[in-house]
Amino acid sequence: MRIDFIDNMKAVGIILVIAGHLNFLVAPVLIEVIYSFHMPLFFFISGFLGWEKLKGYSIRHCITTCYRTYLKPYVVFFIISVFFFILALIAKGNVEYIGLDSFVLIFKGFVLGTAGALNVNAVLWFFTAMFITVFASFLCSRCSKYFKTEVLLLALASLILLFGVPHQVLNLPWNIAILHITLFFFTLGGFLRPYILTMTEKKMKLMHWAILFVLVGISIYSVHINKRVELASGVLGGSHSL
């Protein structure tokens, strides 16, 4: 079943991702606003759509799904990116950069899978982050009979507030350093799904617009106080709460 407002949110999110990388066209303050929420938005949407499904998965089904949805595209797009990277070096006459050392660094970035390590197409970090987030969510869903979702959200929020992203763990592979953040938004999406669908079924458009304006206001305020946020790099600005 297609959910129109989710499709719209994904479309808006994609546009914001593109706009966030157009430094020469978009005002810096607008880019900071975009970065304050656009990546958490994708994890929220993913949780909204996938949290309940994970509860019915076997571990084999979960691994297969994660491989097909995230790991396989990661490998394919990485290979394509390396191909165009080499073509670009040849076109610019920088053939001397095509050597064993360069390929070792490229392969190391591929294995680590983080934005900081991927020196070829760093945006591919999202695939590894989603892979580890979905698998962690699956493990949490298997333990859901022992604790409520609210407890998990509270625990993850506490980790974010208390520790943010410690510099000591930034080099961990596959974006494990930001797992508590991505898992929080993924879980939040799944937790709020029934309430959001109820509002949609009752056609509470006024409530939708009110929530939208509140969230936009929070984003603008948090940017003013907190400055630049980059989830991929583990940069949460001056305040973990914002």
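Above this text is the structure in question.
Residues numbered from 1 in each chain as written. Predicted model: local features only at pLDDT ≥ 70, side-chain atom pairs only at ≥ 80, totals over all residues. Heavy atoms only, no water.

Could you clarify how one ought to interpret the pattern of salt bridges in this entry?
One side chain can pair with another of opposite charge once the charged atoms of both are near each other. Considering all chains together, one arrives at one salt bridge under this definition. Across the salt bridge formed by E52 and K55, the nearest N and O atoms sit 3.3 Å from each other. A relative accessible area of 37% means that K55 is categorised as partly exposed. (Salt bridge = Lys/Arg side-chain N within 4 Å of Asp/Glu carboxyl O. Buried < 20%, exposed > 50% of the residue type's maximum accessible area, 1.4 Å probe, protein only.)

Any chance you could explain the nonpolar core here in plain terms?
Proteins that are soluble and globular tend to have nonpolar side chains buried together. Core analysis: the biggest nonpolar cluster contains 40 residues, and W125, V134 and L231 have the highest contact counts within it. Looking at this core, the elements that each hand over two or more residues are α3 (38-54), α4 (59-91), α6 (125-142), α7 (149-163) and α8 (179-201). Here this core takes nine residues from α6, the largest share from any one element. Counting seven residues, the second-largest nonpolar core is a separate cluster that includes L41, F44, I45 and L197. (Core = buried A, V, L, I, M, F, W, Y, C linked by side-chain atoms within 4.5 Å. Helix = DSSP H or I, 4+ residues; strand = E, 2+ residues; numbered from the N terminus.)

So what exactly am I meant to see when it comes to the side chain of H38 here?
By secondary structure assignment, the location of H38 is in helix α3. Since its relative accessible area comes to 3%, H38 is described here as buried. In contact with H38, other than residues within four places in its own chain, are L16 and V17. (Contact = heavy atoms within 4.5 Å.)

Explain the packing of α3 against α6 to me, please; I cannot follow it from the model alone.
The description of two packed helices rests on the angle between their axes and on the distance between the axes. Between α3 and α6, whose axes approach to 11 Å, the crossing angle comes to 40°. Classified by chirality, the crossing of α6 by α3 is right-handed. For the pair α3 and α6, the contacting residues are M39, F42, F43, S46, W51 and L54 in the first and W125, F126, A129, M130, T133, V134, S137, F138, C140 and S141 in the second. (Axes fitted to C-alpha atoms, helices over the stretch in contact; angles between N-to-C directions. Left-handed = near helix turned anticlockwise from the far one by under 90°.)

How should the packing of α4 against α6 be read in this particular structure?
As a packed pair, α4 and α6 sit with axes 9 Å apart at the nearest point and diverge in direction by 175°. Considering their axes alone, α4 and α6 lie roughly antiparallel with respect to each other. Each of I59, C62, I63, C66, Y67, T69, Y70, L71, P73, Y74 and F77 in α4 lies in contact with α6, whose residues at this interface are F127, T128, M130, F131, V134, F135 and F138. For the contact of α4 with α6, the class distribution of residues is 16 nonpolar, two polar and no charged. (Parallel < 35°, antiparallel > 145°, perpendicular 65-115°, else oblique. Nonpolar A, V, L, I, M, F, W, Y, C, P; charged D, E, K, R; others polar.)

Can you walk me through the environment of H180 in this structure?
The residue H180 is located in helix α8 in this model. Sequence spacing of H180 and S158 is 22 residues, and the spatial spacing of their C-alpha atoms is 9.7 Å. In this structure H180 touches L156, L159, I160, G164 and V165, once residues within four positions along its chain are discounted. From its side chain, H180 meets the backbone oxygen of G164 in a polar contact 2.6 Å long. (Polar contact = N/O pair within 3.5 Å; in protein donor to acceptor, adjacent residues only side chain to side chain.)

Just checking my understanding: could you explain a nonpolar patch on the surface for this structure?
Together, V76, F77, I80, F83, F84, L87, I90 and V95 make up an exposed nonpolar region whose accessible area comes to about 730 Å². By secondary structure assignment, the location of V76 is in helix α4. The class for V76 is partly exposed, based on a relative accessible area of 40%. (Patch = residues over 30% accessible without salt bridge, like charges linked within 9 Å, V, L, I, M, F, W, Y side chains within 5 Å. Areas by Shrake-Rupley, 256 points an atom, 1.4 Å probe, with all protein chains shown as cover.)

Before we go on, may I ask you to explain the packing of aromatic side chains in this structure?
Between two aromatic rings, the relevant description is the distance of the centres plus the angle of the planes. For the coordinates displayed, the defined rule picks out 14 aromatic pairs. For the pair F78 and F110, a centre-to-centre distance of 4.7 Å together with 40° between the ring planes defines the contact as tilted. Within this pair, whereas F78 is found in helix α4, its partner F110 is found in helix α5 (residues 100-112), the two being separated by 32 residues in sequence. Measuring from ring centre to ring centre gives 6.2 Å for F135 and F138, while their planes differ by 35°; the resulting arrangement is tilted. Of this pair, F135 and F138 are both found in helix α6, three residues apart, which corresponds to roughly one turn of the helix. Residue class for F135 comes out partly exposed when judged on its relative accessible area of 23%. Taken together, the aromatic side chains of Y74, F78, F107, F110, F131 and W174 make up a single cluster linked through ring pairs. Geometry around F48 places R193 over its ring, the cationic atom sitting 5.0 Å from the centre. (Phe/Tyr/Trp six-rings, centres within 6.5 Å; stacked < 30°, edge-to-face > 60°. Lys NZ or Arg CZ within 6 Å of the ring centre and 35° of its normal.)

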